[in-house]
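Listed below are the residues making up each chain.
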Amino acid sequence: MEELRLRPIFLNNKSYCRSLANTVVRAYPEDRHCTFCGLPTKILKTSKKTCYSFIIGKFTLIEGYAYCEEHKRAAIDSNEILKYRSLFATEIVEKGYKVTLDLMVKIGVLRYLHYRQLEEIKVFLKLQYLD
Ligand SMILES: [Zn+2]
């Protein structure tokens, strides 16, 4: 959270941005109550994944999922438990992906505004931002 508040100030400060690399970001559902009954939810599980950002490089995202004891089977189209996810986590990394939205935008700019080819983009990423 601190990183997001400071981002506009230090966006162009590369050494500051690099000092954030390999940081651990923890995200839990902001609303700790069930949408249906309003009762407090419980933590179901946490997941951990390595993500890549254009601004800060590689970082670890630890994300917590919550559920309601009463309404955990409320999803009508599957037998999966209805989980509540952090909006913050959703905003920075799409579910199932390891690449942050800012990096996806950067790749799009390289491809469609600067007409870079796939191999050039791969080299750019390898040299500049990823391990
Ligand atoms: Zn409920």
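It should be noted that the structure appears before, not after, this text.
Attention here is on the structure that accompanies the text. Position numbers for residues count from 1 along each chain, tracking the sequence in the order it is written. With pLDDT at 70 or above as the cut-off, local features in this predicted model cover only qualifying residues; side-chain atom pairs require 80 or more to be listed or tallied, and sums for whole chains, interfaces and linings still use all residues. Side-chain calculation: all heavy atoms of the structure are included, whereas hydrogens and water are not.

## A few points about the sheet that holds strand β1 (residues 24–27)
Judged by pairing direction, the sheet is mixed, and its 3 strands sit side by side in the order β1-β3-β2 without closing on themselves. Lying at the two open borders of the sheet, with one neighbouring strand each, are β1 and β2 (42–53). Sheet twist, expressed as the mean angle between neighbouring strand axes with direction ignored, is 20°. Summarising the sheet, β1 and strand β3 (residues 57–67) pair through 4 bridges and their orientation is parallel. In the sheet register, Val 25 faces β3, and the bridge partner there is Leu 61. Strands qualify as paired when DSSP identifies two bridges or more between them. Numbered from the N terminus, helices here are DSSP runs of H or I no shorter than four residues, and strands are runs of E no shorter than two. Orientation is described by axes fitted as lines to C-alpha atoms, over the contacting stretch for helices, and by angles from 0 to 180 degrees between their N-to-C directions.

## Considering the coordination of the zinc ion
In this analysis a donor is any N, O or S atom within 2.8 Å of a metal ion (3.2 Å for sodium, potassium and calcium), and since water is not included, sites may seem incomplete. Distances from the zinc ion to its protein donors, namely Cys 34 (SG), Cys 37 (SG), Cys 68 (SG) and His 71 (ND1), fall within the range 2.1 to 2.4 Å. Classification of the site at the zinc ion as tetrahedral follows from its 4 donor atoms and the range of 106 to 113° in their angles at the metal. Each donor residue of the zinc ion belongs to the same chain, with the gaps between them written as C-x2-C-x30-C-x2-H. Of this pair, Cys 37 sits in the loop between β1 and β2 while His 71 sits in the loop between β3 and α3 (87–92); the two residues are 34 residues apart in sequence, bridging distant segments of the chain. With relative accessibility at 25%, the residue His 71 sits in the partly exposed group. A four-donor site is classed as tetrahedral when every donor-metal-donor angle falls between 85 and 135 degrees; four donors are called square planar, and six octahedral, when trans pairs exceed 155 degrees and all remaining angles lie between 65 and 115, with any other arrangement labelled irregular. Exposure is judged per residue with a 1.4 Å probe applied to protein chains only, and the accessible area is read against the type maximum: over 50% gives exposed, under 20% gives buried, and values in between give partly exposed.

## Some remarks on the side chain of Thr 41
Within the element layout of this structure, Thr 41 appears in the loop between β1 and β2. With a relative accessible area of 15%, Thr 41 lands in the buried category. In this structure Thr 41 touches Arg 32, His 33, Cys 34, Ala 66, Tyr 67, Cys 68 and Tyr 84, once residues within four positions along its chain are discounted. Any two residues whose heavy atoms approach within 4.5 Å are treated as being in contact.

## A closer look at the packing of aromatic side chains
Two rings from Phe, Tyr or Trp (for Trp, the six-membered ring) form a pair when their centres are within 6.5 Å of each other. A pair whose planes differ by under 30 degrees is stacked, one over 60 is edge-to-face, and the rest are tilted. As enumerated under the stated definition, the model contains 0 aromatic pairs in all. Note on geometry: a ring has a charge over it if NZ (lysine) or CZ (arginine) is within 6 Å of the ring centre and within 35 degrees of the ring normal. Here Arg 111 stacks its cationic end above the ring of Tyr 112, 5.5 Å away from the centre of that ring.

## Regarding the nonpolar core
In this structure, Phe 59, Leu 61 and Val 93 are the most contacted members of the largest nonpolar core, which totals 16 residues. For this core, the secondary-structure elements that each account for two or more residues are β1, β3, α3, α4 (101–112) and α5 (118–128). Take this core: its biggest share by element is 3 residues, from α3. Leaving out residues up to four positions away in the same chain, Phe 59 has contacts with Asn 22, Thr 23, Val 25, Lys 49, Thr 50, Cys 51, Tyr 52, Ser 53, Val 93 and Thr 100. Working definition of a nonpolar core: buried Ala, Val, Leu, Ile, Met, Phe, Trp, Tyr and Cys residues. They are joined through side-chain atoms within 4.5 Å.

## Here we look at unusual backbone geometry
Most peptide bonds take the trans configuration, and most residues that are not glycine carry a negative phi. Positive phi is not limited to glycine here, since Tyr 115 has a value of about 55°. Here Tyr 115 shows up in the loop between α4 and α5.

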